[in-house]
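Structural overview for review
Each chain, letter by letter, is given below.
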Amino acid sequence: SQTIHQWPATLVQPVGSPLSLECTVEGTSNPNLYWYRQAAGRGLQLLFYSIGIDQISSEVPQNLSASRPQDRQFILSSKKLLLSDSGFYLCAWSDRLTYGYTFGSGTRLTVV
Amino acid sequence: AQSVTQPDIHITVSEGASLELRCNYSYGATPYLFWYVQSPGQGLQLLLKYFSGDTLVQGIKGFEAEFKRSQSSFNLRKPSVHWSDAAEYFCAVGAVSGGYNKLIFGAGTRLAVHP
């Protein structure tokens, strides 16, 4: 069966520090991968999606970037965090047959 | 452009009462529709989905949803709510394009259940 792993679960980082959140999927190949952000009391905003290795599309301009160095690995990064980057970050994958998303357990990022 | 509206930000029901969470979507073609549930501090779990066919869709945990094209709605229902159903619920519409499915989520409805 397919599983998705996301880490770390929580992270407190100072303003201006770098960020690296990692997401990996097991049990499937060539998944579509997504990064969403959920700000407090708000819905989910799609940040990035990827349909293949090194194929990244950005939905909104921001201080973050994404990379997909391997088929089942998706990384969310920042060189210098801003206070506004705080939020709950969710990774998800989908396949080309069912198109439903399976979400990771999320990372709570607090920038201080 | 695709969009999803969940008119109710917060809903409170008594345990054992029936529940209906509203969802309206905007999409030019036949949509793919989803309902997800999120417990505090957790990821999202798929409750049910509609792609085509029977407009009444059964999901996990006793939930169902009905697709009404004429009303552009996909409301979630449960006949008898349990205290464990307290969570945030998200409706989403998806469009397949270029081999991927981009889901657009509503802002969510937070459900509280009174004993």
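Our structure is the block above this text.
These notes cover the structure that comes with them. Given the structure is predicted, the values throughout are model-derived calculations rather than measurements. (Residues numbered from 1 in each chain as written. Chains lettered and ligands numbered in written order. Predicted model: local features only at pLDDT ≥ 70, side-chain atom pairs only at ≥ 80, totals over all residues. Heavy atoms only, no water.)

Considerations on the side chain of B:Lys78
Residues and elements named next belong to chain B. Mapped onto the fold, Lys78 is located in strand E9 (residues 73–78). A polar atom in the side chain of Lys78 sits 2.9 Å from the backbone oxygen of Lys61. Separated by 2.8 Å, the side chains of Lys78 and Asp85 make a polar contact. Once residues within four sequence positions are removed from consideration, Lys78 is found in contact with Ala17, Ser18, Leu19, Lys61, Gly62, Phe63 and Asp85. (Helix = DSSP H or I, 4+ residues; strand = E, 2+ residues; numbered from the N terminus. Polar contact = N/O pair within 3.5 Å; in protein donor to acceptor, adjacent residues only side chain to side chain. Contact = heavy atoms within 4.5 Å.)

Quick look at the state of the cysteines
All names here are of chain A. Tallied over the entire structure, the rule returns 2 disulfides over all chains. Paired by a disulfide, Cys23 and Cys91 hold their sulfur atoms 2.0 Å apart. Residues Cys23 and Cys91 share a disulfide whose torsion about the S-S bond is about -75°; that sign makes it left-handed. On the criterion of sequence distance, the pair formed by Cys23 in strand E3 (residues 19–26) and Cys91 in strand E9 (residues 87–94) is long-range, its members being 68 residues apart. Its relative accessible area of 1% is what places Cys23 among the buried residues. The class for Cys91 is buried, based on a relative accessible area of 0%. (Disulfide = S-S within 2.5 Å. Buried < 20%, exposed > 50% of the residue type's maximum accessible area, 1.4 Å probe, protein only.)

Structural notes on unusual backbone geometry
Along the chain, A:Trp7 connects to A:Pro8 via a cis peptide bond; the corresponding omega equals 0°. Inspection of the secondary structure assignment puts A:Pro8 in the loop between strand E1 (3–7) and strand E2 (10–13). A positive phi is found at B:Lys61, a non-glycine position, where the angle reads about 60°. With respect to the helices and strands, the residue B:Lys61 is situated in the loop between strand E7 (56–58) and strand E8 (64–68). In this structure B:Lys61 comes out as partly exposed when scored by relative accessible area, which is 46%.

Comments concerning the nonpolar core
One broad trend across soluble globular proteins is that nonpolar side chains are buried collectively. Judged by nonpolar contacts, the single largest core of 26 residues is most densely connected at B:Leu19, B:Trp35, B:Leu47, B:Leu48, B:Phe74, B:Leu76 and B:Tyr89. Mapped onto this core, the elements with two or more residues apiece are strand E2 (10–14), strand E3 (19–21), strand E5 (32–38), strand E6 (44–50), E8, E9, strand E10 (87–97) and strand E12 (109–114) of chain B. Looking at this core element by element, the count peaks at 4 residues for E10(B). A:Leu19, A:Trp35, A:Leu76 and A:Val111 belong to the second largest nonpolar core, which has 19 residues in total. (Core = buried A, V, L, I, M, F, W, Y, C linked by side-chain atoms within 4.5 Å.)

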